[in-house]
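The residues making up each chain are set out below.
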Amino acid sequence: MSGLLEPTLYVIKGIAILDNDGNRLLAKYYDPSVFPTVKEEKKFEKNLFQKTHRANAEVIMLDRLTCVYRSNVDLFFYVMGLSHENELILVSVLSCLYDAVSAILRKNVEKRTLLDNLDIIMLALDEICDGGVPLETDPQVVTQRVSLRMEESPFNDQTVTQVLQSAREQLKWSLLK
């Protein structure tokens, strides 16, 4: 029985979005035992990109990982799990990520727009997966949560100068009391 692996919630080992040159735009790895250093992560990403950027498949086995991927214009979206993971779970996380990004970027899924909205995309990534555990696979729910969190942000319409000025005023009044 030692050959059997216990089921776990920690399905996702990593999520990455690369540009059409294979450079990292956004990546999150959830298991330090798979890639202990950033150098190893980037080496894996280069290898992954080399094997997938011309392929028509949607899934690849690489370095004991199952990698599902999707590309659009100049972006490549990847979700990675261990080789024994259920590809359907990985694909549902990938689809949610892609569809949420597409909704956030108003269907303009390309490098420049993604970089302009990187903070919101990072929030979406955190809504989809936490520490390797998939939390949400409905892109509409993810987009709603992200837009709510952006509205709650105290910085949404204020510049840093305005925030500092407000803090100074509050400090001044608290000292005068």
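Residues numbered from 1 in each chain as written. Predicted model: local features only at pLDDT ≥ 70, side-chain atom pairs only at ≥ 80, totals over all residues. Heavy atoms only, no water.

A. Layout of the packing of aromatic side chains. Per the counting criterion, the structure on display carries six aromatic pairs. Taking the centre distance of 5.2 Å and the plane angle of 80° together, the rings of F77 and Y98 count as edge-to-face. With F77 in strand β5 (residues 75–82) and Y98 in helix α2 (residues 87–104), the pair connects residues that are 21 residues apart, well separated along the chain. We classify F77 as buried; its relative accessible area is 0%. Members of the aromatic cluster, each reached through a chain of ring pairs, are F49, Y69, F76 and Y78. In this arrangement the basic side chain of R70 is found over the ring face of Y98, its NZ or CZ atom lying 3.7 Å from the centre. (Phe/Tyr/Trp six-rings, centres within 6.5 Å; stacked < 30°, edge-to-face > 60°. Helix = DSSP H or I, 4+ residues; strand = E, 2+ residues; numbered from the N terminus. Buried < 20%, exposed > 50% of the residue type's maximum accessible area, 1.4 Å probe, protein only. Lys NZ or Arg CZ within 6 Å of the ring centre and 35° of its normal.)

B. Spotlight on the packing of α2 against helix α4 (residues 118–128). Running from amino to carboxyl end, α2 crosses α4 at an angle of 150°, the nearest separation of the two axes being 10 Å. With respect to α4, the axis of α2 lies roughly antiparallel. The two elements α2 and α4 meet at a crossing, and its hand is right-handed. Seen from α2, the contacting residues are V93, C96, L97, V101 and I104; seen from α4, they are I120, I121, A124, L125 and I128. Partitioned by chemical class, the residues of the contact of α2 with α4 number ten nonpolar, no polar and no charged. (Axes fitted to C-alpha atoms, helices over the stretch in contact; angles between N-to-C directions. Parallel < 35°, antiparallel > 145°, perpendicular 65-115°, else oblique. Left-handed = near helix turned anticlockwise from the far one by under 90°. Contact = heavy atoms within 4.5 Å. Nonpolar A, V, L, I, M, F, W, Y, C, P; charged D, E, K, R; others polar.)

C. The arrangement of the pairing of strand β1 (residues 12–19) in detail. Summarising burial for β1: eight of the eight residues are buried, a large majority. In this structure, β1 lies alongside β5, joined through seven bridges in antiparallel fashion. When the sheet's bridge partners are listed, A16 is paired in β5 with Y78. In terms of strand pairing, β1 meets strand β2 (residues 24–29) through five bridges, oriented antiparallel. (Pairing = 2+ DSSP bridges.)

D. Summary view of the side chain of N117. Structurally, the position occupied by N117 is in the loop between α3 (111–116) and α4. For N117, a relative accessible area of 19% puts it in the buried group. A polar contact is formed between the side chain of N117 and the backbone oxygen of T113, at a distance of 2.8 Å. (Polar contact = N/O pair within 3.5 Å; in protein donor to acceptor, adjacent residues only side chain to side chain.)

E. Molecular detail of unusual backbone geometry. Of note in the backbone geometry, R106 takes a positive phi value of approximately 50° without being a glycine. Summarising the element assignment, R106 is placed in the loop between α2 and α3. Although it is not a glycine, K107 sits at a positive phi angle of roughly 65°. Looking at the secondary structure, you find K107 in the loop between α2 and α3.

F. Representation of the pattern of salt bridges. Applying the stated criterion across every chain yields a total of seven salt bridges. Residues R145 and E127 are paired through a salt bridge, measuring 3.5 Å at the closest nitrogen-oxygen approach. Taken together, the positions of R145 in helix α5 (residues 139–152) and E127 in helix α4 put the pair 18 residues apart, joining distant regions of the chain. What makes R145 partly exposed here is its relative accessible area of 35%. Residue classification places E127 among the buried residues on the basis of a relative accessible area of 12%. The network of salt bridges with common partners includes R24, E41 and E45. (Salt bridge = Lys/Arg side-chain N within 4 Å of Asp/Glu carboxyl O.)

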